[in-house]
Amino acid sequence: EDPDHTAVFFKMFSFPQQELAMIAIRGTSNNWDMLADTQLWSAAALMQGLRFILPAGEMWTPIYAQLVHWINTLQSESLDKVSFYTLTTQFAETLKNDPQFSSVQVTGHSLGGGLAMITGAQSKIPAVGLSGPNALISGRSFSPPVSAEDMNAYTFNIVPRRDIVPMLDDKADQFQYIRCEAAPWDFVGCHFSKRSLCELLVTCGTGA
């Protein structure tokens, strides 16, 4: 299908010598994707806003997940239409049962990074997000639910400084901030995947 007209677009890359299958999920690129970003994480963003406004807001963090679960239950019909992670998780489970692969991993950028981390936690496979929205607050709303323990064990998020998208929801234990060399007023520039990948190469090298 044309990737510009599908709800979610992902590819599988296989590495036969390593018996590795890598799922790569596309980031936000059309109106469907922006709708998914908004609906899947809007309740979590609302709780983060309340936590910021309320006196001693941090002390209420343990109940925010339950509140988000209640809110998302009320809008479950509309959320089902944008729960694209169900497709990627189903595909990951299929690959896990394929005898030619001893390891399955998943990655993605932006919305793709958020979906990758949800899939990683649900399927219990390593997941790396680049500028992905997180899932600690909203995890109970997904089907099947995503636990904090699985998010901490299987997911890793790369978070450029001043990038707004990975500020959505609370981060799991494993994440890494990286620099953003965009102009101070250019918040969108900090979300560009090419800029972030260049920063990783400059900071960490190629490994060659």
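To be clear, the structure that these remarks concern was listed above.
Attention here is on the structure that accompanies the text. (Residues numbered from 1 in each chain as written. Predicted model: local features only at pLDDT ≥ 70, side-chain atom pairs only at ≥ 80, totals over all residues. Heavy atoms only, no water.)

Within the chain, the secondary structure is distributed over seven helices and six strands. Every one of the 208 residues in the chain was classed for burial, and the buried ones make up 42%. Taking contacts inside the chain between residues at least 6 apart in sequence as the whole, the part at least 24 apart equals 59%. As displayed, the chain has an accessible area near 11300 Å², and 62% of this comes from carbon and sulfur atoms. (Helix = DSSP H or I, 4+ residues; strand = E, 2+ residues; numbered from the N terminus. Buried < 20%, exposed > 50% of the residue type's maximum accessible area, 1.4 Å probe, protein only. Contact = heavy atoms within 4.5 Å. Areas by Shrake-Rupley, 256 points an atom, 1.4 Å probe, with all protein chains shown as cover.)

On to unusual backbone geometry. Geometrically, the link from S143 to P144 is a cis peptide bond, its omega value of 0 degrees lying close to zero. Among the structural elements, P144 can be located in the loop between β4 (127-130) and α6 (148-154). Positive phi, normally seen in glycine, also occurs at S131, with a value near 60 degrees. By the element assignment, S131 lies in the loop between β4 and α6.

Under the defined criterion, the tally for this structure stands at three aromatic pairs. Summarising the aromatic geometry, the rings of Y85 and F142 are spaced 5.2 Å apart at their centres and angled 65 degrees between planes, so their arrangement reads as edge-to-face. Placement of the pair is Y85 in helix α4 (residues 85-96) and F142 in the loop between β4 and α6, with a sequence separation of 57 residues. For the pair shown, Y85 and F142 are each scored as buried. Ring centres of F175 and Y177 lie 5.3 Å apart, and the angle between their planes is 85 degrees; on these two criteria the pair is classed as edge-to-face. Looking at F175, the relative accessible area reads 30%, which means it is partly exposed. Between the NZ or CZ atom of R161 and the centre of the ring of Y177, over which it lies, the distance is 4.0 Å. A cation over a ring is seen here: K171 above F175, with NZ or CZ 5.2 Å from the ring centre. (Phe/Tyr/Trp six-rings, centres within 6.5 Å; stacked < 30°, edge-to-face > 60°. Lys NZ or Arg CZ within 6 Å of the ring centre and 35° of its normal.)

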